[in-house]
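Each chain is listed here by its residues.
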Amino acid sequence: MNNMRMLAEEEENDDGTEVTWGAFLVFDIHSRLSAFQEDQQRINTFSKLNTRLRSIEERLEELKQEKEALDDLATELELTDEDESVLYKIGESFLHLPQSRAMKRLEKDQAVLSAQVLDLSTGAEQCEKDMKELKVTLYARFGRAINLDE
């Protein structure tokens, strides 16, 4: 039948040797889990950067359209008489401003817009750089098992 039985404590280590394979197994599992966590962190970071980049690109597109509108406005203001007052949008309101004051306000608005575009472009470049580094690492680790391209 079944000749299996539990060993008594004295019989477990009767030759005095110590079994240590369990420590190696625990260490291997721990190292694999920490490697998995690091990989997951890299994937999450890549995802966050990708989301941030898409948001920046959308905002850049909005700012470019706004810049085109301001450029068109500058052309229109140059064609008006200096004595005329013009309607200029500030926030959600339109104000009557003299043409010279409207031009100064327009130049200021264009400068602010250009600075915003520059800041966002720099942020987009940094995101792309960081994403490229993560792609190299993740593709080296996972090969074709992961897809980081759109």
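This one's a predicted model, so the numbers in the text were calculated from it and none came from an experiment.

Rules used in this analysis
- Residues numbered from 1 in each chain as written.
- Predicted model: local features only at pLDDT ≥ 70, side-chain atom pairs only at ≥ 80, totals over all residues.
- Heavy atoms only, no water.
- UniProt positions renumbered as here; feature names shortened; annotations may be inferred.
- Helix = DSSP H or I, 4+ residues; strand = E, 2+ residues; numbered from the N terminus.
- Phe/Tyr/Trp six-rings, centres within 6.5 Å; stacked < 30°, edge-to-face > 60°.
- Lys NZ or Arg CZ within 6 Å of the ring centre and 35° of its normal.
- Pairing = 2+ DSSP bridges.
- pLDDT = per-residue confidence, 0-100.
- Contact = heavy atoms within 4.5 Å.

Q: Requested: an account of the UniProt feature "coiled-coil region" (unreviewed entry) in the chain, with residues and values cited.
A: On the UniProt side, "coiled-coil region" (unreviewed entry) is annotated at positions that read residues 46–83 here. This span, residues 46–83, is 89% helix and 0% strand, and a straight line between its end C-alpha atoms measures 56 Å.

Q: Any details on the packing of aromatic side chains? Residues and values, ideally.
A: For the structure on display, the rule yields 0 aromatic pairs. Directly above the aromatic system of phenylalanine 142 lies the positively charged group of arginine 141, at a separation of 5.7 Å from the ring centroid.

Q: Account for the pairing of strand β2 (residues 93–98), naming residues and giving values.
A: Successive residues of a regular strand alternate their side chains across the two faces of the sheet. By the bridge criterion, 6 bridges tie strand β1 (residues 85–90) to β2 in an arrangement that is antiparallel. Bridge assignment links leucine 87 to a residue of β2, and that residue is histidine 96. A loop of 2 residues connects β1 with β2, the two strands running antiparallel in sequence, and glycine 91 in this loop sits at a positive phi of about 70°.

Q: I'd love a proper account of the confidence of the model for the chain, names of residues and values included.
A: The share of residues in the chain with pLDDT of 70 or more is 76%, and the mean pLDDT across the chain is 83. By mean pLDDT, helix α1 (residues 9–12) is the weakest element of the chain at 57, and helix α3 (residues 99–142) is the strongest at 94. Counting interchain partners and residues more than four positions distant, the pLDDT-below-50 stretch residues 19–27 has 0 contacts.

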